[in-house]
Amino acid sequence: MEFSQICFIGGGNMASALIGGLLKKGWPPERVAVVEIDAQAREKLGRELKVQAYAELAPAVAGAECIVLAVKPQQLREVARALAPLVHGSLVLSIAAGIRLDDVRRWLGGHSRAVRAMPNTPALVLAGITGLYAPPEVARPDRDRAQRIMDAAGETIWLEHEGELDAVTALSGSGPAYVFYFIEALQQAASDLGFDDTAARRLALRTFSGAVKLAEHSTEDPSVLRARVTSKGGTTERGIAELERADVRGAILRAARAATERSRELGDELGRDNPGAKS
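Residues numbered from 1 in each chain as written. Predicted model: local features only at pLDDT ≥ 70, side-chain atom pairs only at ≥ 80, totals over all residues. Heavy atoms only, no water.

**Some words on unusual backbone geometry**
And then number 1: Phi is positive for Leu126, close to 60°, though the residue is something other than glycine.
And then number 2: For Leu126, the location among the structural elements is in the loop between β6 (114-118) and β7 (128-133).
And then number 3: For Leu126, a relative accessible area of 30% puts it in the partly exposed group.
And then number 4: If you check the backbone angles, Asp247 has positive phi at about 55° while not being a glycine.
And then number 5: Here Asp247 is to be found in the loop between α11 (235-245) and α12 (248-270). (Helix = DSSP H or I, 4+ residues; strand = E, 2+ residues; numbered from the N terminus. Buried < 20%, exposed > 50% of the residue type's maximum accessible area, 1.4 Å probe, protein only.)

**Details of a nonpolar patch on the surface**
And then number 1: Taken together, the side chains of Leu193, Phe195 and Leu203 make up a nonpolar region of the molecular surface, amounting to roughly 330 Å² of accessible area.
And then number 2: Assignment of secondary structure puts Phe195 in the loop between α8 (175-192) and α9 (197-217).
And then number 3: Phe195 gets classed as partly exposed once you look at its relative accessible area, which sits at 44%. (Patch = residues over 30% accessible without salt bridge, like charges linked within 9 Å, V, L, I, M, F, W, Y side chains within 5 Å. Areas by Shrake-Rupley, 256 points an atom, 1.4 Å probe, with all protein chains shown as cover. Salt bridge = Lys/Arg side-chain N within 4 Å of Asp/Glu carboxyl O.)

**Examining the pairing of β7**
And then number 1: In terms of burial, β7 is a largely internal element, 5 of the 6 residues being buried.
And then number 2: The sheet contact formed by β6 and β7 spans 3 bridges and is antiparallel. By the bridge assignment, Arg116 is partnered in β7 with Tyr133.
And then number 3: Sheet analysis places β7 next to strand β8 (residues 154-158), joined by 5 bridges and oriented parallel. Bridge pairing in β8 links Thr130 to Thr156.
And then number 4: Handedness of the β-α-β unit built from β7, helix α6 (residues 140-151) and β8 comes out right-handed. (Pairing = 2+ DSSP bridges. Right-handed = clockwise from strand over helix to strand, strands pointing away.)

**Here's the deal with helix α2 (residues 39-49)**
And then number 1: Where α2 begins, one side-chain oxygen reaches toward the backbone nitrogen of Gln40, 3.2 Å away; that side chain belongs to Asp38.
And then number 2: Immediately beyond the C-terminal end of α2, within one or two residues, lies Lys50, with a positive phi of roughly 65°. (Polar contact = N/O pair within 3.5 Å; in protein donor to acceptor, adjacent residues only side chain to side chain.)

**Considerations on the side chain of Asp142**
And then number 1: Examined against the element boundaries, Asp142 turns out to sit in helix α6.
And then number 2: Residue classification places Asp142 among the buried positions, given a relative accessible area of 6%.
And then number 3: The contact partners of Asp142, leaving out residues within four places of it in the chain, are Leu91 and Arg113. (Contact = heavy atoms within 4.5 Å.)

**Let's talk about the packing of helix α7 (residues 164-173) against α12**
And then number 1: For the pair α7 and α12, interaxial distance at closest approach is 8 Å and the crossing angle is 130°. With respect to α12, the element α7 is oriented oblique. For the pair α7 and α12, the sense of crossing is right-handed. Facing Asp166, Ala167, Thr169, Ala170 and Leu171 of α7, the residues of α12 in contact are Ala256, Ala259, Thr260, Ser263 and Arg264.
And then number 2: Taken together, the residues of the contact of α7 with α12 sort by class into 5 nonpolar, 3 polar and 2 charged. (Axes fitted to C-alpha atoms, helices over the stretch in contact; angles between N-to-C directions. Parallel < 35°, antiparallel > 145°, perpendicular 65-115°, else oblique. Left-handed = near helix turned anticlockwise from the far one by under 90°. Nonpolar A, V, L, I, M, F, W, Y, C, P; charged D, E, K, R; others polar.)

Right, here's the structure in full:
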């Protein structure tokens, strides 16, 4: 299930995280190429990851059995069109947020051997979760290869319908921001209650990470774990009552729905061949 050569188009944080994860799992650095237009970034990739870094597409993708599209969504149309005469029979794995596979394949000149992935920012510390989608015509070995690449930065989940990636974007893609928002609030509460910045940060982070770890190691639903902490007449019950009064749960549900809808809108906008055109 291995490739003789993988080429990453774009050498930013997510590509670097995936490459680093692959190398930690034993992938030879000489079998990884990266296209990066920024000279300093190319030098850093070569120095720190020992991979081959190029400024141009043609020499980088030559011989590549898998091409990972890791550029910004707004750049993908131009990059894919430039790549079209070079892609040949390679598997293409797109990690560009919001861009649908039909659009990617059209820009690649009708190339059908393609998989779409939606990783999230915890992948930067190899603790991400990625939603994966491939059309029915993509063979099992290609699906396995795409999964192996994304597994290098955390866990993966396969989706039956591409539209589900909009919900993945809203949940695990945007979700870290919701978590950071809650951590900010806990940290602010600790500061307001008299703790210094260092102690406030430590209390907020360890409380959150400890609770997540407990939930991960338990077979019980989070609602059960919450009930166990919430003694009748105690401090937690009063705190939860304030959260319920403020409809925090409802706000989170509305945030996820709003983010899902925005993901759909971005897919429509970014997939247009004429970005300024009205649908």
